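# Descriptive analysis of the structure
In case you want the letters, here they are:
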Amino acid sequence: MMPSTLSDSEALLKQPSATSPFLSQPWPKRTRSPIAVDETMLQTRLLPSVFKPARYMGLEQGAYRKPWAHATARMALAFPDLYEIGISNYGLKLLYSVVNQHPNYLCDRVYAPAKDLKAQLSEHQIPLWGVETLMPLGSFDMVAFSLQYELNYTTIFGLLESSGIPFYRHDRDNTSEPALNQRPDTQDALQWPIIMAGGPGATNPMPLSPFIDAFMIGDGEELLIDVMAVIAEGKQKGWSRTDTLNALSEVDSVYVPDISDKKNRLENQATRPSSSAAVYKRIYDISKQTIDIAPLIPAVQAVHDRAVVEARRGCDRMCRFCQPGFINLPAREQNVDEIAQKALKELEKTGYEECSLLSLSIADYSDLKPLILGVSEALKTKNASLSLPSQRADRFNLEVAEAVQTVRKSTLTFAPEAGTPRLRDVINKNLTDADIERAVTTAYKAGWQKVKLYFMIGLPTETDADLDGIVSMVKRLQSLCHDIGVQRGERRPKRLEINITLSNFVPKPHTPFQWHPQASLQTLQEKIQYLRERLRGIKGVKTNTTTPIISKLEAVIGRGDARLGPVLLEAYRRGAYLDAWEDLANFEALTSALEEAGYNADEVSSTWYIHPDEPLPWDVIDVGLSKSWLKSEYQKALAAASTEACFDACNTCGVCATFGVQPIFSEASAHKKTLDNVPKANFTDADTIANRHQAPFNHLSKTQLPVDVVQKLRFTLEKRGKLRFLSHLDWLRMIYRAVAQSGLPLAYTQGFNPKPKISVGSPLPLFWDGFSEYLDVCLSQSVDPSPDWRHWLNALNKSLPTDGQAYAVDALAPTAPSIDKQTRQVNYLLRPPADFDAATQAALKDWVAQWHDGSEPLMFLPLVDNETSSEEKSVPVNLRPFIAQMSWVQEGLQLSIHKPKVQDPLPIWAKPQWVLSSLLERHSEQPSSDALNWRISRLGMVLQ
């Protein structure tokens, strides 16, 4: 059984290693370095050997890049997942901007290195660095981790280890360490940074409490600045680490393990006998937010490559399984005009073609129809589309559907969660079958022939009848849409395609279901198989499932206590890293570490903390919810009784009373809404909502973008320096965004997803420089040739990095041939590595000087026959006819290759690395693979 009180958990951590076999493994002490990582070394030795090196280069447009020396306190926001996930996180961008807008503070970012880079860091003993400052992570005053997902916790250890920072917080303590302003290695930093964490995972800090110095609870906009003020004051006054942590424990909404617990027992027990909670969450009013959020436009494609505007924080629906809904109460909205203005501003800053409205449930926005119509109209002026997350079926109507597809059509997603009305009452989803049918058929009438449906299995009180309800719902939706096609007179109505996602129920802290046991692995697997067999025969239906062991580990970690910490560390040591990626995960490491510690994941998730009267590990955090109210909601769930949303009536959950706040709803309806003066029907009846604004919708027909090309502009630009670590596709995305931001009158492609008509020359391979690259931009109207065309160069360069600036522009006829068709010759420079053998280099130089006289044998390169992929079938090809010129200059080998002719034996462009490999193979003792170490630059293209 788990410890009955918090003090028991603390005592357990202090017991000898016999209690936990992992507590006795010490951390090898390292000396932190205040010196930045050598950028030249990174570019020449480390990053060329890893996949997607641009992840680690700090190439984002819109980053602050503040001077290190000018800041009184410095922090790094650490996201324990790959760059593509972290750079898409809105909260990280928000907090990054909050800190950097303070004149005295600096905030850098760091993301989890992929396994290839992580291995390189270990091999070469190079510390992980902040992407902007290139300073080692251990040199910052504070490192703050974002806890978004339980299976990312083991990745935190990877970031700490790659930075040389001790895992356990007690290993970062040193009673003999000098004062902050007296350290020999640095004048203004702690011996080790303060390690903090925030985000939804911080509402149960216990699994990570052996490692994290302090946790920030709740909204971070103001809280993070309060924390930075303490860090800055501590540095100025020379506080010890213990002094700093004691001061942090005095900050509202900061939980410091051990210190906050002792303080709570001494000071708060008499005034709050019903709860052992030490720390309240922080609540921020987003309706008053004035933060100019840095766009942080990534050079590498992110999982969410679009502009984002937060429309609503928190959710008042009270779905009993939803932790984000409960820990973010009360609901707070920004008004429609503010959201529309921010959406336009984000598009102008980023050049994106899509904008998403961020909310736990955007369909619950109080003025949904004015919001969607208003933002869609604003986005049309930028030829951008509106993207919405999962829709509430009871708030969806035709006008919303058509507004979403004004410019581009995206897939619609609905989340019934359960297959029967009874089970939806259990989880308090408050959706009827009629709501779901109305939403899907409305979408089908508006032109959507595919929808996504989310369901959850393993829910409390679920039976086979509830699973059968999912199958029945799918068949019924397809039948209803078929009937619509028949009514339209279609001979063969197009079948509604349905993508179904089945996830497994995970009990979460601070929800009414926090006490409910999770279904066993076998039960979850049987439920998945049961549904797969019944859905398999339905045409047009695809089913995706979440692996049960993932959900099982989520439950174990999410509801764990302090004893779980050493187990997580041992799992990391056994290979658990980046476990949020199923193809990279090592679930065996987690399960085996649990078993060695005497725990079974299946048993833990179904037997620990299932008694409503026992203390819970996360009782140290108070998010404002009355525990007695949560218990009553749990009992109502078991009785299949529903609860109204906050929007309709106060449920006395305790949040508003605890914090002295109220929900904040949009002011779009001419007056501020309160819970007392809003009739229930205004917000629960779909027809009433749809008819609240009677303006006709016909003017929102599909946007007609200009497609006729009147003029072409050809820009000449560079792609060098850091940008050579950018792939061709990522380079194209960067170019597209820059062109979109330039203000040029663009011509667009036709079709449902129109794109600007632009083109570039042949792709530039990864790690190559390009000093004279071409970009053609098609315009829908002529532009005046301002002096030297500097206006349009500046407009384009404003959104391009320093290493990718345009330096020339020419006007072309609209029918001018493409760059590829005009290219007749390409010039290259091939530079040997610094350690290249001098004798070999001299021999190559002599041979190149004489190659024109033909006295040397011709160069051959064996090319593998693509049809057979067999070395026996490889064909030797004479490369000499393809070389227009070759000479040795001071920097290296200068090479010109001309376009192949019809009669040439090789009807494709010869590559410079082929020539180099052949030279090294025939005229040096070094292997031809050494050609990979040469730096290749494309000097320019000779056009017809």
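Above this note sits the structure.
Anyway, here's the lowdown on the structure attached to this text. (Residues numbered from 1 in each chain as written. Predicted model: local features only at pLDDT ≥ 70, side-chain atom pairs only at ≥ 80, totals over all residues. Heavy atoms only, no water.)

## Examining the packing of helix H7 (residues 223-237) against helix H8 (residues 241-249)
In a pair of packed helices, the angle between the axes and the distance between the axes together describe the arrangement. Selection rule: Angles here are taken between N-to-C directions and fall from 0 to 180 degrees, while the axes themselves are lines fitted to C-alpha atoms, restricted in helices to the stretch in contact. Note on conventions: DSSP H or I runs of at least 4 residues are helices, E runs of at least 2 residues are strands, and numbering of each starts at the N terminus. Here roughly perpendicular refers to angles of 65 to 115 degrees, roughly parallel to angles under 35, roughly antiparallel to angles over 145, and oblique to all remaining angles. By the definition used in this description, the sense in which the near helix is turned from the far one sets the handedness, with an anticlockwise turn below a right angle giving left-handed and a clockwise turn giving right-handed. Should any heavy atoms of two residues lie within 4.5 Å, those residues are counted as being in contact. Basically, the charged four are Asp, Glu, Lys and Arg, the nonpolar ten are Ala, Val, Leu, Ile, Met, Phe, Trp, Tyr, Cys and Pro, and anything else, Gly included, counts as polar.
For the pair H7 and H8, interaxial distance at closest approach is 10 Å and the crossing angle is 150°. For the element pair H7 / H8, the angle class is roughly antiparallel. As for the relative orientation of H7 and H8, their crossing is right-handed in sense. In this structure, H7 uses Val227, Val230 and Ile231 to contact H8, whose residues at the interface are Thr244, Ala247 and Leu248. Across the contact of H7 with H8, the residue classes tally to five nonpolar, one polar and no charged.

## Some thoughts on the pairing of strand S4 (residues 194-198)
Two faces make up the sheet, and in a regular strand the side chains alternate between them. Heads up, the condition is: Between buried and exposed lies partly exposed: a residue is buried under 20% and exposed over 50% of the maximum accessible area for its type, with that area taken using a 1.4 Å probe on protein chains only. If DSSP finds at least two bridges between two strands, the strands pair.
In terms of burial, S4 is a largely internal element, five of the five residues being buried. The side-chain alternation of S4 yields two buried faces, one formed by Ile194, Met196 and Gly198 and the other by Ile195 and Ala197. Of the pairings in the sheet, the one linking strand S3 (residues 142-146) to S4 comprises five bridges and is parallel in character. The partner of Phe145 across the bridge, within S4, is Ala197.

## Here's the deal with the packing of helix H11 (residues 336-350) against helix H12 (residues 368-380)
H12 packs onto H11 with a crossing angle of 30° between their chain directions and a minimal axis gap of 9 Å. Comparing the axis directions of H11 and H12 gives the class roughly parallel. Handedness of the crossing formed by H11 with H12: right-handed. Facing H11, whose interface residues are Val336, Ile339, Ala340, Ala343, Leu344 and Leu347, H12 presents Pro370, Leu371, Gly374, Val375, Ala378 and Leu379. Taken together, the residues of the contact of H11 with H12 break down into eleven nonpolar, one polar and no charged.

## Regarding the sheet that holds strand S12 (residues 385-387)
Pairing in this open sheet of three strands is parallel, and the strands run S8-S11-S12 from one edge to the other. With one partner strand each, in any of the chains shown, strand S8 (307-310) and S12 form the two edges of the open sheet. Geometrically, the sheet is characterised by an average inter-axis angle of 30° between neighbouring strands, direction not taken into account. Those strands touched by H11 are S8 and strand S11 (354-358), and its axis lies near 155° from that of S8. Packed on one face of the sheet, H12 meets S11 and S12 and runs near 140° to S12.

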